[in-house]
Amino acid sequence: MRVLVLGATGYVGSRLVPHLLEHGHEVVAASSSVPDPDRFGWDDRVQAIRCDVTDLNAVARAVEGADAVVYLVHSLDRTDFTDRDRLAAANVAEAVEAEGVRRLVYLSGLVPAVPEADLSAHIASRLEVERILLASATSAVALRAGVVIGAGSTSFEIIRQIATLFLVQPVPTWMYHSVQPVAVSDVLRAVREQLDGDDEGAVDLGGPDVVAYPDLMATCAREAGLSRLSLPTPIAPPGLVGLATALATTAPFHTVTALIESLHHDMVCRPGRTWVPRQGGELLGVEEAVRRASTPRYAGPEGALPSDPSWTRPLPALDVVPLPAVGKAAARLAAHRLRSLLPDP
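Figured I'd write up the structure that's included with this text. Starting afresh in each chain, residues are numbered from 1 along the sequence in its written order. Where local features are concerned, this predicted model is filtered to residues with pLDDT of at least 70; where side-chain atom pairs are given and counted, the filter is 80 or more; whole-chain, interface and lining totals use all residues. Each side-chain value is worked out from all heavy atoms of the structure, with water and hydrogens disregarded.

## Details of the packing of helix α1 (residues 11-22) against helix α7 (residues 184-195)
The interhelical angle for the contact between α1 and α7, taken along N-to-C directions, is 60°, at an axis separation of 10 Å. For the element pair α1 / α7, the angle class is oblique. Handedness of the crossing formed by α1 with α7: right-handed. Side by side, α1 and α7 meet where Tyr11, Val12, Arg15, Leu16, His19 and Leu20 of the first sit next to Val184, Val187, Leu188, Arg189, Val191, Arg192 and Leu195 of the second. Here an angle of 0 to 180 degrees is reported between the N-to-C directions of two axes, which are lines fitted to C-alpha atoms, with helices fitted over the stretch in contact. By the criteria applied, helices consist of DSSP H or I runs no shorter than four residues and strands consist of E runs no shorter than two, each listed in order from the N terminus. Just so you know how the angles are binned, under 35 degrees is roughly parallel, over 145 roughly antiparallel, 65 to 115 roughly perpendicular, and the rest oblique. Crossings are assigned a handedness: left-handed for a near helix turned anticlockwise from the far helix by less than a right angle, right-handed for a clockwise turn. Contact criterion: two residues are considered in contact whenever any of their non-hydrogen atoms come within 4.5 Å of each other.

In structure tokens form, the structure reads like this:
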């Protein structure tokens, strides 16, 4: 099958390309800038192209000859992500329909069971994109995933940095909601299976464990060999928490604040609408997934890909490093924060 991967140089995309190759698919890897196959360790079987999904003509050219399209594009690191993602989704929906592409797979986000008016801007945008893509005449499925556990994953790395950076961790009481994380290896498997599947509409994607956010943080600290104290904090305005988290971590400011908004509700899979592996095999539990993401093989420099943001490299824990290292870490935090606060180009 000839598969076009839009967003191929992102976290999931850069791992999905070799995964699809291993299973006999022909892959066209597309991103906003021309990806270098050698840089990502892809072999000459990968056709690498540039495709700006906000340009309808570029999308139309990219989908030519594709049997299936995997859509992995998100603009969460920009302040105008809602408008950009809406335009991009409309272009892709129009192009796949015009080309007669047989299958469209979109990696979306879990949607909590609350009124749409209460959804965060991040989740509301994912849902809008999902509806645009599913409305095309092409057979389409949206895989709704929550926290993707894997070294380099944005949501996981933010949680891991918070969980390991400080000895005492103030946790707002409104963060004691349930989450159903999923290992990145299971995400890749789900996307691959859906390429020739017959599911339509939205299908939830989660691992076997449902935990509270503080428990997930505790698991990250434990797998890092660190002892941490979680301190419930009844009064903690979300805006202030988002700002504090953005300042404490090295993740982009807009990304952190958008994700913090999503912590107000349970993010779990719907009964009867959850992906079950067609080819059998158990899904990774939270502890095993975090353990793998925390080992040098996956989390160290040798486990990183050029697509992974530089800020996702593990920070030193403040209670286990000498003071000079703390100073360097603080300087690094300040530099990252200053760059993230600058206006988008």
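## Comments concerning the sheet that holds strand β11 (residues 201-205)
Within a sheet, adjacent strands bond to each other through the backbone by hydrogen bonds, running parallel or antiparallel. Read across the open sheet, the seven strands follow the order β3-β2-β1-β4-β5-β6-β11; overall the sheet is parallel. Looking along the sheet, the strands with just one partner apiece sit at the ends: β3 (47-50) and β11. Strand-to-strand twist across the sheet, computed as the mean angle between neighbouring axes with direction ignored, equals 20°. Two strands qualify as a pair provided that DSSP identifies no fewer than 2 bridges between them. Relative to strand β4 (residues 68-71), strand β1 (residues 2-6) is paired through four bridges, and the arrangement is parallel. In the sheet register, leucine 4 faces β4, and the bridge partner there is valine 69. Across the face of the sheet, helix α5 (residues 121-134) comes into contact with β4, β5 (103-109), β6 (139-145) and β11 while running at roughly 170° to β5. Most of the contacts of α7 go to β5, to which it runs at about 150°, and overall it touches β1, β4, β5, β6 and β11.

## Examining the nonpolar core
Working definition of a nonpolar core: buried Ala, Val, Leu, Ile, Met, Phe, Trp, Tyr and Cys residues. They are joined through side-chain atoms within 4.5 Å. Note on classification: 1.4 Å probe, protein chains only; a residue is buried when its accessible area is under 20% of the maximum for its type, exposed when over 50%, partly exposed between these limits. Val5, Leu16, Val17, Leu107, Leu143, Val187 and Leu205 are the most contacted members of the largest nonpolar core, which totals 34 residues. If you list the elements that add at least two residues to this core, you get β1, α1, β2 (26-31), β4, β5, β6, α7 and β11. For valine 17, the contacting residues outside a window of four places in its chain are Ala8, Val27, Ala29, Trp42 and Val46.

## Comments concerning the side chain of aspartate 204
If you trace the backbone, aspartate 204 turns up in strand β11. Among all residues touching aspartate 204, those that are not within four sequence positions of it are Leu110, Arg144, Val268, Cys269, Arg270, Arg273, Thr274 and Trp275.

## A short note on helix α8 (residues 213-223)
In an α-helix, one full turn covers 3.6 residues, which means residues spaced three or four apart are oriented alike. The complete set of buried residues in α8 reads Tyr213, Pro214, Leu216, Met217, Thr219, Cys220 and Ala221. Directly after α8, the chain includes glycine 225, whose backbone phi takes a positive value near 75°.

## Some words on a nonpolar patch on the surface
Each patch is built from residues lacking any salt bridge and having more than 30% relative accessible area; the joining distance is 9 Å for like charges and 5 Å for nonpolar side chains (Val, Leu, Ile, Met, Phe, Trp, Tyr). In this description, accessible areas are obtained by the Shrake-Rupley approach with a 1.4 Å probe, and a residue is regarded as covered only by the protein chains that are shown. The rule for a salt bridge is simple: a side-chain nitrogen of Lys or Arg has to be within 4 Å of a carboxyl oxygen of Asp or Glu. Taken together, the side chains of Leu167, Val168, Leu229 and Leu231 make up a nonpolar region of the molecular surface, amounting to roughly 360 Å² of accessible area. With respect to the helices, strands and loops of the structure, leucine 167 is situated in the loop between α6 (154-165) and β8 (168-172). Among the residues examined, leucine 167 registers a relative accessible area of 48% and is labelled partly exposed.

## Describing the side chain of arginine 144
Here arginine 144 shows up in strand β6. You can call arginine 144 buried: its relative accessible area is 9%. Any N or O atom pair separated by 3.5 Å or less is treated as a polar contact, with the protein-specific requirement of one donor-capable and one acceptor-capable atom, and with residues adjacent in sequence counted only for side-chain atom pairs. Polar contacts involving the side chain of arginine 144 include one to the side chain of glutamate 130, which spans 2.6 Å.

## Let's talk about helix α4 (residues 81-99)
What a helix should span is 1.5 Å times the count of its residues minus one. The end-to-end C-alpha distance of α4 is 27 Å, a good match for the 27 Å that 19 residues give at a rise of 1.5 Å each. Within α4, burial applies to Phe81, Asp85, Ala88, Ala89, Asn91, Val92, Ala93, Ala95 and Val96. Of the surrounding secondary structure, the elements contacted by the buried residues of α4 are β1, α3 (56-62), β4, β5 and α5. Just beyond α4, the residue with positive phi is glycine 100, at close to 75°.

## Quick notes on the environment of alanine 137
Position of alanine 137 among the secondary structure elements: in the loop between α5 and β6. Residue alanine 137 is classed as exposed on the basis of its relative accessible area, which comes to 66%. Through-space distance from the C-alpha of alanine 137 to that of alanine 93 is 8.3 Å; in sequence the pair is 44 residues apart.

## Brief notes about the pattern of salt bridges
All chains considered together, the criterion is met by 14 salt bridges. Between aspartate 83 and arginine 86 there is a salt bridge whose closest N-O contact spans 2.9 Å. In this pair, aspartate 83 and arginine 86 both sit in helix α4, three residues apart, roughly one turn of the helix. Using a relative accessible area of 31% as the deciding quantity, one classes arginine 86 as partly exposed. A salt bridge links glutamate 288 to arginine 292; the nearest nitrogen and oxygen atoms lie 2.9 Å apart. One end of the pair, glutamate 288, and the other, arginine 292, are both in helix α11 (residues 286-294), four residues apart, so they sit about a helical turn from each other. Via salt bridges that share partners, Arg222, Glu223, Glu287, Glu288, Arg291 and Arg292 belong to a single interconnected network.

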